[in-house]
Amino acid sequence: MSGSVRALAAAVLAVAGLSGISGCASQDAPREPRTTGTVLTVTRVSPVDAKLSWRGTAPGAAGRIVEFATEPKGPWTILTYAPLGQTTYRHPDLIPETHFYYRLRPYYGPASRPVDVTLPKGSFTKAEQREEHDWAPPRTIRRAGVRTSPARRPAATPTDLRAKIMHANGIRFTWTDHAEGERGYLLEDRPRGGDSFRPVAVLDPDINSFGLITLPNEKRASYRVRPVTYGERSNIARLTTGERPAGRG
């Protein structure tokens, strides 16, 4: 969820009533049984830049979320969804002379089969930005007779993922939700030529319809969804920033 176009898209959809975009403050998840440990450290690489490093394993996890707070008990804000192979993260341009707290949590959940989408040519025009995008806000479409299973089990895998092209930069996704007890849903994509999927939207539990405004490199991409639950938290690592260096800010 980086880039000015994604930020613009988020602003447009926020006006339309969209919620659940990643990066917002999160509540603590219920504790789950400890399956592994992750040891987190943080180093100040400049007075206002931090580098996080961690070690440990998380068997069966889809990745880890990296979170920070400015108070020991939160609220916590998600910085990124890191793939399992990632072991460092840089948090730049911090508020001077402030305490920062960091933690990691593995996340779990089975991903749906991907769908491939090829969008028409064209940029996100001013006319499209003025549209209401009433198809985009996340919602729950009730379906009778759907079997559900705890969110970490294979039976909770979403099915019937469909992608409907709404315009040259907008896609509406729908799917069948088989999960119970999930903390939310991730919509992930892999642009053409990419080597891995990455989260592009974070949604509330039970959501099974969502509209995405795409970035220029997502004209051809694969998409999938997964329910997520969180595992055991890492230790909390603390850092205090210094004075802002001359010439920055």
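What counts, and at which threshold
Residues numbered from 1 in each chain as written. Predicted model: local features only at pLDDT ≥ 70, side-chain atom pairs only at ≥ 80, totals over all residues. Heavy atoms only, no water. Core = buried A, V, L, I, M, F, W, Y, C linked by side-chain atoms within 4.5 Å. Buried < 20%, exposed > 50% of the residue type's maximum accessible area, 1.4 Å probe, protein only. Helix = DSSP H or I, 4+ residues; strand = E, 2+ residues; numbered from the N terminus. Contact = heavy atoms within 4.5 Å. Pairing = 2+ DSSP bridges. Axes fitted to C-alpha atoms, helices over the stretch in contact; angles between N-to-C directions. Phe/Tyr/Trp six-rings, centres within 6.5 Å; stacked < 30°, edge-to-face > 60°. Lys NZ or Arg CZ within 6 Å of the ring centre and 35° of its normal. Lys, Arg positive; Asp, Glu negative; His and termini not counted. Salt bridge = Lys/Arg side-chain N within 4 Å of Asp/Glu carboxyl O. Polar contact = N/O pair within 3.5 Å; in protein donor to acceptor, adjacent residues only side chain to side chain.

Asker: Hey, could you run me through the nonpolar core in this one?
Answerer: Membership of the largest hydrophobic core comes to 21 residues, with the highest contact counts inside it found for Phe173, Trp175, Leu187, Leu203, Phe210, Leu212 and Tyr223. Mapped by element, the contributors of at least two residues to this core are strand S8 (115-118), strand S11 (170-176), strand S13 (184-191), strand S14 (198-203), strand S15 (209-213) and strand S16 (220-230). Here Phe173 is in contact with Val115, Leu161, Arg162, Ala163, Leu187, Asn208, Ser209, Phe210, Leu212 and Tyr223, once residues within four sequence places are set aside. If you look at the next biggest cluster of nonpolar residues, it comprises 15 residues, including Val42, Trp54, Leu94 and Ala237.

Asker: Whenever I open this one, the pairing of strand S2 (residues 38-46) confuses me. Can you help?
Answerer: Along any regular strand the residues' side chains alternate between the sheet's two faces. Pairing between S2 and strand S3 (residues 49-56): eight bridges, direction antiparallel. Across the sheet, the residue bridging to Thr38 is Gly56, located in S3. Once S2 ends, the chain turns through two residues before running back antiparallel as S3.

Asker: How should I be thinking about the sheet that holds strand S6 (residues 88-91) in this particular structure?
Answerer: One key point about sheets: their strands pair by backbone hydrogen bonds, in either a parallel or an antiparallel sense. If you walk across this open sheet you meet the three strands as S2-S3-S6, and the pairing is antiparallel. Either end of the sheet is taken by a strand with one partner, and the two such strands are S2 and S6. Neighbouring strand axes in the sheet, compared pairwise and without regard to direction, differ in orientation by 20° on average.

Asker: Even after reading the chapter, I still don't get the sheet that holds S11, so can you show me in this structure?
Answerer: Read from one edge of the open sheet, three strands run S10-S11-S15, paired in antiparallel fashion. Bordering the open sheet on either side are strand S10 (159-167) and S15, each of which pairs with just one other strand. When the angles between neighbouring strand axes are averaged without regard to direction, this sheet yields 20°. Relative to S11, S10 is paired through six bridges, and the arrangement is antiparallel.

Asker: It is not clear to me how the packing of aromatic side chains should be interpreted in this structure. Could you clarify?
Answerer: For any two aromatic rings, the description comes down to two numbers: the centre-to-centre distance and the angle of the planes. Applying the stated rule across the entire model yields five aromatic pairs. With a centroid separation of 6.5 Å and 20° between ring planes, the pair formed by Phe100 and Tyr102 is classed as stacked. An aromatic cluster of at least three residues, connected via ring pairs, comprises Phe68, Phe100 and Tyr102. The ring centre of Tyr230 lies 4.2 Å from the NZ or CZ of Arg105, which sits over that ring. It is Arg152 that lies over the ring of Tyr108; its NZ or CZ is 3.7 Å from the centre.

Asker: Got a minute to help me understand the side chain of Arg64 in this structure?
Answerer: One can find Arg64 in strand S4 (residues 63-69). Here Arg64 occupies a buried position and makes no salt bridge, while the nearest side chain of opposite charge, Glu67, is found at 11 Å. Within the local environment of Arg64, its side chain forms a polar contact with the backbone oxygen of Gly56, the two atoms lying 3.1 Å apart.

Asker: Teacher, can you tell me more about the pattern of salt bridges here?
Answerer: Close approach of charged atoms lets side chains of opposite charge pair. Following the criterion strictly, the structure yields six salt bridges and no others. When the shortest N-O distance is used, the salt bridge between Arg226 and Glu188 registers 2.9 Å. In this pair, Arg226 sits in strand S16 while Glu188 sits in strand S13, placing the two residues 38 residues apart along the sequence. One salt bridge in this structure joins Asp189 and Arg198, with 2.8 Å as the shortest N-O distance. Of the residues examined, Asp189 reaches a relative accessible area of 0% and is grouped as buried. Through salt bridges with shared partners, one network takes in Glu67, Arg103 and Arg105.

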